[in-house]
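# Structural description and commentary
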Amino acid sequence: MMQCDRCIIGQNRGVNVDDMGAGLRQALTRAESLNQSLQKEVNMVRAISKVFFATWRLDLLLDKVTPVVELDGHAFMWRNGALTVKDAINIVIDRATSEYKDVLRDTLRIENLQVKFRHKDTMELEYYTANMGWIRLNIMVVERDTFTDVVSLLFGWQSINEEKWKEKEHKRELEEANSHLLEALAEAKRASEAKSDFLSRMSHDMRTPMNGIIGMANIAMECLDDKERVREALQKIQSASHQLHMLINDVLDMSKIESGKIQLLREHTDLKKIVESLLPGMQTIAKKYDVDVIYKGFQAKHQYIYGSPVHIQRIASNILSNALKYNREGGTVTIYVTEEPIEGETKKAMFILTVQDTGMGMSEDFLKNKLFTPFARECSEEKVPGTGLGMAIIKEIVQLMGGEIKVESKLGEGSTFKVYTPMELAPELVESKLKKECDDKNALDGKRILVVDDNDVNLEIATFLLENHGAECLVAHNGRECLDVYLGREAGFFDMILMDVRMPVMNGYETTKAIRATNKADAMTVPIVAMTANAFTEDKRKCWSAGMNDHIAKPIDVEVMLETIGRYI
């Protein structure tokens, strides 16, 4: 063998070194290209594995299925040995629960897939499997032939259990929200209808006493020479006025409750007197309805408590009134008060007001769902007056007191109301001399009272009532005038000042503060009592904060006025 610079000759054949180098370079280039392609395949597999837990490639021309990705735990999708396209599709169908098999069988027919992929490259199918739960099968076109028919597909599976759970939870929340919305809408509609009914009833119930007041006033004017007829007309005017007053109070109290502004007082109170003071009026109403009132007495051990007397009276009055109004002719109403000790308490006791009637009773539905609902009434008869607010109001008041109302009722047989209220016990209350002498026309004899009000009618009423009981009255029409009159008299001249609150120039609060700030000897001791239509609890608190001693609400109740005055003079 002979060797030279550029070739090697042996066995009658030569190899060119340059050609061999070129071939090696080409092989390296091809290897690099293959390596890059392989790296792309690896990257693609990695990317696919992040999205799908299993991926198959279906070659429709070769009728061959190749697994691209199958993560650990999901190999059940595959089986040993070669798979045909039909085998693969059958595996998909077999894994699905029965309700999805027919849909998958129809959708995954090759001819149907060709039709579905004619104008798109992807499709999704969601179905449920027994061992993996919810799955989404993503089908993607990999390759088409020259006639645009699909020749290769990629099947990729995703677990969508969490997604379905969230979807189900979202649907549940939407349904729940929708249900609440429908309930709120229905409740708003019921409330609107109830308020419309209330306004209609209020219009009727307010016009009825107004008609009585106006009509009886006209009759009295026409019969001035007939004292008995005038007296009868005036009594009916008083009765109608009381009815109108109660209606207005109902509306105002409900407004306060809805705004959360109702407040309780803590006053020395004779509980027995409050209950028994209602009986004469209730007896009068009972005669109207042909009902007997049976009072079994005040059976409680303690008579005096610290509480909010106006609210206690409101509770008892409302329940008694309903027991009469919703009774039957010849029926009865039984009333009594008892007391129970409160465990661990020595300064409080539980007082129970019981009112039993033999009236029409209430249905189970009304008792459970409507009794304490504003504007609701079991009986819609026009002969039964009222706004339908009373029970809603007293329930709120009782709850504010820390108590509860228990009711037993049977339709057609009657009802029993028991009002449980914890009360703070108080020492015996000493009654004012004036209260005991309420009917004495000289009860205020020799007392000088300054009456302040910007309304001439109110001044006339107040001064008449006071002078009718022996008082000497001076008047002022606003706060500034009141201050001038007070400062113009020596200390001790006035035994009391009755002060309106809402007045021009200076209101009652400002005037009271101005009087208390003067240097007169009696500036801090002269009793100043508000006599105003501002009748809520917070109004009373404002009066006391301004330096007033007490509060009398308009319209004026003579008995209450004399009792209040009697505490101070």
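Residues numbered from 1 in each chain as written. Predicted model: local features only at pLDDT ≥ 70, side-chain atom pairs only at ≥ 80, totals over all residues. Heavy atoms only, no water.

### What about the overall build of the chain?
Worth spelling out the cut-off: Each helix is a run of DSSP H or I of at least 4 residues and each strand a run of E of at least 2, with the numbering of both proceeding from the N terminus. Relative accessibility decides the category of a residue: with a 1.4 Å probe and only protein chains considered, values under 20% of the type maximum give buried, values over 50% give exposed, and everything between is partly exposed. A contact between two residues is defined here by any heavy atoms of the two lying within 4.5 Å. The protein chains shown are the only cover counted for residues, whose accessible areas, like all others here, come from Shrake-Rupley with a 1.4 Å probe.
Per the secondary structure count, the chain includes 17 helices and 20 strands. Taking all 569 residues of the chain together, the buried fraction comes to 39%. At a minimum sequence separation of 6, the contacts of the chain that also span at least 24 residues come to 62%. Just so you have it, the chain exposes about 33200 Å², and 51% of that area is on carbon and sulfur atoms.

### Observations concerning the sheet that holds strand β17 (residues 472-476)
Where we set the bar: Only strands that DSSP links by at least two bridges are regarded as paired with each other. For every element, the axis is a line fit to its C-alpha atoms; helices are fit only across the contacting stretch, and the angle between N-to-C directions ranges from 0 to 180 degrees.
Pairing is parallel across the open sheet formed by five strands, whose spatial order is β17-β16-β18-β19-β20. Looking at the sheet topology across the chains shown, the edges are occupied by β17 and β20 (550-553). Between one strand and the next, the sheet's axes are offset by a mean angle of 25°, whatever the strand orientation. Across three bridges, the pairing between strand β18 (residues 496-499) and strand β19 (residues 528-532) is parallel. Looking at the pairing, Met-499 lines up with Ala-530 of β19. Sitting on the sheet, helix α15 (residues 508-516) touches β18 and β19, and the angle it makes with β18 is about 155°. Here helix α17 (residues 558-566) sits on the sheet in contact with β16 (448-452), β18, β19 and β20, set at roughly 170° to β20.

### As for the pattern of salt bridges
Any two side chains of opposite charge can pair if their charged atoms end up close together. We count it as follows: Salt bridge criterion: a side-chain nitrogen from Lys or Arg within 4 Å of a carboxyl oxygen from Asp or Glu.
Applying the stated rule across the entire model yields 22 salt bridges. Ionic contacts of the salt-bridge type, sharing partners, join the residues Glu-124, Glu-126, Arg-136, Glu-163, Lys-164 and Glu-167 into one network.

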